[in-house]
Amino acid sequence: REHNRNSANQGFKAAKSRITCCCSIVECCSNPPSKVFHVPLEERKYKDINQFGEGDQAKVCVDIMHKTGAHLELSLAKDQGLSIMVSGKLDAVMKARKEIVSRLQTQASATVAIPKEHHRFVIGKNGEKLQELELKTATKIQIPRPDDTSNQIKISGTREGLEKAKHEILLISAEQVTLNTANSYTVSSVTAPSWLHRFIIGKKGQNLAKITQQMPKVHIEFTEGEDKITLEGPTKDVQIVQGQIEAIVIDLVSTAFDIQLFFFFFLTMSHLNRIKELHKVTVRIPPDNEKSTLIRIEGDPLGVQEAKNELLELASRMENERTKDLIIEQRFHRAIIGQKGERIKEVRDKFPEVIINFPDPAQKSDIVQLRGPRTEVEKCSKFMQKIVENSFSVSVPIFKQFHRNIIGKGGSNIKKIREETNTKIDLPAENNNSEMIIITGKKANCEAARVRILAIQKELANIAEMEVSIPSKLHNSLIGSKGRLVRAIMEECGGVHIHFPTEGSGIDKVTIRGPVDEVEKAKQQLLALAEEKQTKSHTAELQAKPEYHKFLIGKGGANIRKVRDSTGARIIFPTAEDKDQELITVVGTEEAVREAQRELEELIKGLENVVEDTMIVDPKHHRYFVARRGQVLRDLADEYGGVMVSFPRTGTLSDKVTLKGAKECVEAAKKRMMEIVEDLDAQVTIECVIAQKFHRSIMGPKGSRIQQITRDHNVQIKFPEREDPQGEGSARKLKEPVDPNAPKKCDVIVISGRKERCEAAVEALKALVPVTIEVEVPFELHRYIIGQKGSGIRKMMEDYEVNIQVPAPDQQSDIIAITGLESHLDRAKEGLLERVKELQAEQEDRALRSFKLTITVDPKYHPKIIGRKGAVITNIRTEHDVNIQFPEKNDENQDQITITGYEQKAIAARDAIQAIVDELEDMISEDITLDSRVHARIIGARGKGIRKIMDEFKVDLRFPQSGAADPNLVTVTGRPELVDEAIDHLLNLEEEYVSFLLPHGGSAAAMDEQRGPSKGFVVREAPWASTNEKVRLKLSLLFFS
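Residues numbered from 1 in each chain as written. Predicted model: local features only at pLDDT ≥ 70, side-chain atom pairs only at ≥ 80, totals over all residues. Heavy atoms only, no water.

Our next topic: the overall build of the protein chain. Helix and strand content of the protein chain: 40 helices and 39 strands. Residues classed as buried in the protein chain amount to 36% of the 1041 residues present. Excluding contacts between residues fewer than 6 apart, the proportion of contacts in the protein chain whose partners are at least 24 apart in sequence is 68%. Counting every atom, the protein chain has about 64100 Å² of accessible surface; 50% of that belongs to carbon and sulfur. (Helix = DSSP H or I, 4+ residues; strand = E, 2+ residues; numbered from the N terminus. Buried < 20%, exposed > 50% of the residue type's maximum accessible area, 1.4 Å probe, protein only. Contact = heavy atoms within 4.5 Å. Areas by Shrake-Rupley, 256 points an atom, 1.4 Å probe, with all protein chains shown as cover.)

The following block contains the structure:
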């Protein structure tokens, strides 16, 4: 025991020393308040005596001091309890005490039950009472939520703290019981929808504050999600407050109305914002968690009513809304949307009430959703389906050299095909290597345009088309992975086009199109490959660095052709689109593949055998190889299997150049470098004088033209610096050449290379100098040549690659200037003159079509000339290709009909109208009396009967309108002999119909007498009717049916 006591004392001293050193803090006053707290052994969290002052307990103490700003000193009592002295400011000490109790002392828990209505007094205003209790008792007090029916309050902390907290809570409850006994106290509630609570409370609690200021003893509680408000307090005060709140609720509910939840989706912010601004009201759509279908409107009563009416009208309109899923293949979606959404914008502008939703491209869905008014959705659906019909596209492979011929002079060929087939035809740009011409439109029209384009190609070259029958099951293997096999055949056979049918179609025919010889060659290769695939096809794969591929292929494919010829195997190298750039595929018979693989592996092995060699290059030529960031060296590395060439550093006098790489590559690169050195030794410099103003045009876009000349002729071209426009002073005059005929320095282009190549480059440069020619075009045609917004002239400039300058209108000049390359000028001039001829022909045609004449026709004949729904006049207009204008209602000359068109056709149309008038003038009109009861039967369903009579007898029949003076009077108009025949026919019909309507042996008059006055309705064929009457009625019905 003595030993333990000594050990504890030593531990205490060590802990005290360590904690005091670690936890020095600035004291706020000379004698800060301090308190000692005792933690019994059984309630200590950390009981290991050997770790006293160390471990987790020490870390907790340090953390408490940092958090609270108080100073802690720990000691062990004789009973192994923990004594903690806390010093510092009072609030810091209290906070530290709470932390000590919660973190160093084991926690107990207990519950205390008090009436639910007393809980709020334990919490206090803004929770202040609860915080004070927790701090005072060093406990954690949990009070159930208002919507929880439990009256149990849970307390956790030390045993001492638990007892203190329970005591304090029971005291508060007892006080409330005493108060309720002393005063008349009541609890009441007001029914109010939960969505109204925030309006009753008001902005920042203003409305509620007015009530509570008047009745401070009344406690008002709003329960979230419940449609009630709880009131507690003196009875009289509660009754007053209840009345005030009920009045507010009635007022608020009166400005709300119900609308189906379905329509919320359509009430966009634009709708609501417009209503708010127009009627000066506030509109509130309930959030989803309220589960309410009430829309709240606040504002002036008149504005609220108007806004309400407008929203109800909008809701009513929404009932006519319809959503339709339109099935459109996803490949057509881009065509409907158009470039930058221009096409779909036109559709939306045309149908502004319809919302069009396209699926996300990643979904790969064909459903396009339309939503809006029923009729508009249907119209939009039909319109979009028409767009889809016109969006069918087909790609036609046409050899690049024939594209210019497809376009035609001034675009005449392609324009004609577009107009006659009603299709859109897109050709690739000249700098694009693609050979595909894309045709878009209706399927039948696209096919017609395709046939015409292929016919042009066939006429221009010896192009053949051949069909080869190969089993469809072999097609995929012949095409190869990503088209590698078929692409290799097309490239080897001069770029022929090989077309396989759609996968799954079951069609065996494969189409080959191209030059006759190449088509035959491709056919033999396809059939041989198909036979290999069917019988003894074998495939092997090799890996070789991409830089070796060019060397393996050889110049013009010489190396690889040698391997193919010796083994009979097909060797396929990866294209730029393939992911694996090292993969080489060998296809053929097993023996051929094995032999080709062996030869290729030997070549690759030789390329991987790295050697180092040197050569002598005069230092004066070093700059050529390393200039332009080593472009020449990079080209050598690409061409010769990645060989590395190292030149000595600048400033050294060494002429030794090192080459490192595969032995064959090094030898080939060394040979090429010696050729370059020979060229450099034989190099000359030639000056080419071209005015500086043409230099930019010669260079071309981004220097493309000059780069092409440099590559084609293997020369170096240097352009002079631009002339300084500020250098006009005396200093410049001193430097001017003595010889006035000497060229300006800024006009001299320097070309370096072999003499013959330099001379060829000079000719090529001079050919690029733009030339200007003038073409005389009548001034009145200039605006037609320019076209709408310059589209006409812009197209000509693009087609002919020239610049066309039209004089300003105020100059009244007939001269149009064309500037461009000499090779393009003739074609551009021809195209311009051709356009002039077209315009002049159009002018002449317009003049001829403007012939006008008039014919005098009595207005009573105009309806007959126009015909039913304009059928007669439309037929005359179409047949004679003329425009026929009838007088307006207010015109003075109501008998004048104007005809405009070609003279001959206008006269013919006039004669056709006169013939109709002559025929009408020969007609007569006669009135006859037909019993009005048979009129409906003669006219027939939808006028079918009367039309048949008029067509048969070539007459016009007019029956009296309802309410006419004589309901039996019918007018027959036509040629005399035909009128008589028609009248006889009508009278016969009348006799038949009337005789059938009259009773047996009676007359029409008797029939009228027997009928007597109308009784409103007649019951026929009743059970009590006589047999004769039934038979007569059935015969009558049978006749009229």
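Read on for the rest.
Within this numbering scheme, the UniProt entry marks residues 586–613 as carrying the feature "coiled-coil region" (unreviewed entry). Span residues 586–613 is 68% helix and 25% strand, its end C-alpha atoms 33 Å apart. (UniProt positions renumbered as here; feature names shortened; annotations may be inferred.)

Even without being glycine, K869 reaches a positive phi, approximately 55 degrees. Take K869: it is sitting in the loop between α33 (862–866) and α34 (871–880). Although it is not a glycine, K954 adopts a positive phi angle of roughly 55 degrees. Mapping K954 onto the fold places it in the loop between α37 (944–953) and β38 (956–958). Taking relative accessible area as the criterion, K954 reaches 57% and is therefore assigned exposed.

Residue position: K45 is located in the loop between β1 (34–39) and α2 (55–68). In the structure, K45 is positioned 58 residues away from R103 in sequence and 7.8 Å away in space, judged by C-alpha atoms. Residues contacting K45, with those up to four places away along its chain left out, are S102, R103, L104, Q105 and T106.

A few words on the confidence of the model for the protein chain. When pLDDT drops low, the exact placement of atoms in the prediction is not to be read closely. For the protein chain, mean pLDDT is 78; residues scoring 70 or higher make up 84% of the total. Across residues 727–736, confidence stays below pLDDT 50; counting only partners more than four residues off in sequence or on other chains, it has four contacts. pLDDT under 50 marks residues 1000–1041. Its contacts with residues more than four places away, or in other chains, come to 25 contacts. (pLDDT = per-residue confidence, 0-100.)

Let us now look at the sheet that holds strand β21 (residues 509–515). Read across the sheet, three strands follow the order β19-β21-β20 without closing on themselves; strand pairing throughout is antiparallel. Strand pairing shows two members of the sheet lacking a second neighbour, β19 (463–469) and β20 (497–499), which therefore form its edges. When the angles between neighbouring strand axes are averaged without regard to direction, this sheet yields 15 degrees. Note that β20 and β21 share three bridges and pair antiparallel. (Pairing = 2+ DSSP bridges. Axes fitted to C-alpha atoms, helices over the stretch in contact; angles between N-to-C directions.)

On to helix α21 (residues 546–553), then. Here α21 has its buried residues at Y548, H549, F551 and L552. Just downstream of α21, G554 is the residue with a positive phi angle, here 85 degrees.

Moving on to the sheet that holds strand β31 (residues 771–776). If you walk across this open sheet you meet the three strands as β31-β33-β32, and the pairing is antiparallel. In the strand order of this sheet, the two ends are held by β31 and β32 (803–805), each with one partner. Ignoring strand direction, the axes of neighbouring strands in this sheet form an average angle of 25 degrees. Where β32 and strand β33 (residues 815–820) come together, three bridges link them in antiparallel fashion. Looking at the pairing, N803 lines up with T819 of β33. With respect to the sheet, helix α32 (residues 822–849) is in contact with β31 and β33, its orientation differing from that of β33 by roughly 150 degrees.

With respect to the element layout, N609 can be found in the loop between α23 (590–608) and β25 (610–616). Residues within four places of N609 in sequence aside, it is in contact with G661, A662 and K663.

The next thing to look at is a positive patch on the surface. Where like charges cluster on the molecular surface, the positive patch consists of R868, K869, K944, R947 and K948. Along the chain, K944 turns up in helix α37. (Patch = residues over 30% accessible without salt bridge, like charges linked within 9 Å, V, L, I, M, F, W, Y side chains within 5 Å. Salt bridge = Lys/Arg side-chain N within 4 Å of Asp/Glu carboxyl O. Lys, Arg positive; Asp, Glu negative; His and termini not counted. Charge placed at Lys NZ, Arg CZ, Asp CG, Glu CD.)

Counting 39 residues, the largest nonpolar core has I571, V586, F625, F647 and M673 as the members making the most contacts within it. Contributions of two or more residues to this core are made by β22 (538–543), α21, α22 (558–567), β24 (583–588), α23, α24 (622–639), β27 (656–662) and α25 (663–681). Sort the elements by how many residues they give to this core and α25 lands first, with seven residues. Excluding residues that lie within four positions of it along the chain, F647 makes contacts with V617, H622, F625, V626, L633, V657 and M673. (Core = buried A, V, L, I, M, F, W, Y, C linked by side-chain atoms within 4.5 Å.)

Another point: the layout of surface pockets. Approximately 1200 Å³ is the volume attributed to the largest pocket. When contributions to the lining of the largest pocket are tallied by element, the ones reaching two or more residues are α21, α24, α25, α27 (704–713), β29 (716–718) and β30 (748–754). Of the residues that constitute the lining of the largest pocket, the class distribution is 14 nonpolar, eleven polar and twelve charged. (1 Å grid on protein atoms, 1.4 Å probe; cavity = no way out; pocket = protein on both sides within 12 Å on 5 of 7 lines; lining within 4 Å. Points joined across faces, edges and corners; volume = space filled by probe spheres on them. Nonpolar A, V, L, I, M, F, W, Y, C, P; charged D, E, K, R; others polar.)

To continue, consider the pattern of salt bridges. Within the structure shown, the criterion is met by 23 salt bridges. Residue R450 pairs with E447 through a salt bridge whose shortest N-O separation is 2.9 Å. Of this pair, R450 and E447 both sit in helix α17 (residues 443–460), three residues apart, which is roughly one turn of that helix. R450 gets classed as partly exposed once you look at its relative accessible area, which sits at 22%. A salt bridge links K795 to D799; the nearest nitrogen and oxygen atoms lie 3.0 Å apart. Of this pair, K795 and D799 both sit in helix α31 (residues 791–800), separated by four residues, roughly a single helical turn. One salt-bridge network, held together by shared partners, links D679, R754 and R757.

Another point: the pairing of strand β36 (residues 896–901). Residue alternation in β36 divides its side chains into a buried set, I897, I899 and G901, and an unburied set, Q896, T898 and T900. Sheet topology note: the strand β34 (residues 851–856)/β36 ladder contains six bridges and is antiparallel. For T854, the partnering residue across the bridge sits in β36 and is T898. Bridging between strand β35 (residues 883–885) and β36 involves three bridges; their strand directions are antiparallel. The partner of I884 across the bridge, within β36, is I899.

With that settled, consider the packing of aromatic side chains. Within this structure, the stated rule accounts for three aromatic pairs. Geometrically, the ring pair formed by Y624 and F625 is edge-to-face, given 5.6 Å between the ring centres and 85 degrees between the ring planes. Clustering of aromatic rings is evident, with ring pairs tying together Y624, F625 and F647. The lysine or arginine in question, R846, covers the ring of Y784, its NZ or CZ lying 5.6 Å from the ring centre. (Phe/Tyr/Trp six-rings, centres within 6.5 Å; stacked < 30°, edge-to-face > 60°. Lys NZ or Arg CZ within 6 Å of the ring centre and 35° of its normal.)

Our next topic: the packing of helix α3 (residues 90–104) against helix α5 (residues 128–137). It is at 8 Å that the axes of α3 and α5 come closest, and there the two elements cross at 75 degrees. As summarised for this structure, α3 and α5 are arranged roughly perpendicular, according to the angle between their axes. Mapping the contact onto sequence places M94, R97 and K98 in α3 and E134, L135 and K136 in α5. Looking at side-chain class alone, the contact of α3 with α5 contains two nonpolar, no polar and four charged residues. (Parallel < 35°, antiparallel > 145°, perpendicular 65-115°, else oblique.)

Locating H782 in the fold gives a position in helix α30 (residues 782–786). For H782, a relative accessible area of 4% corresponds to the buried category.

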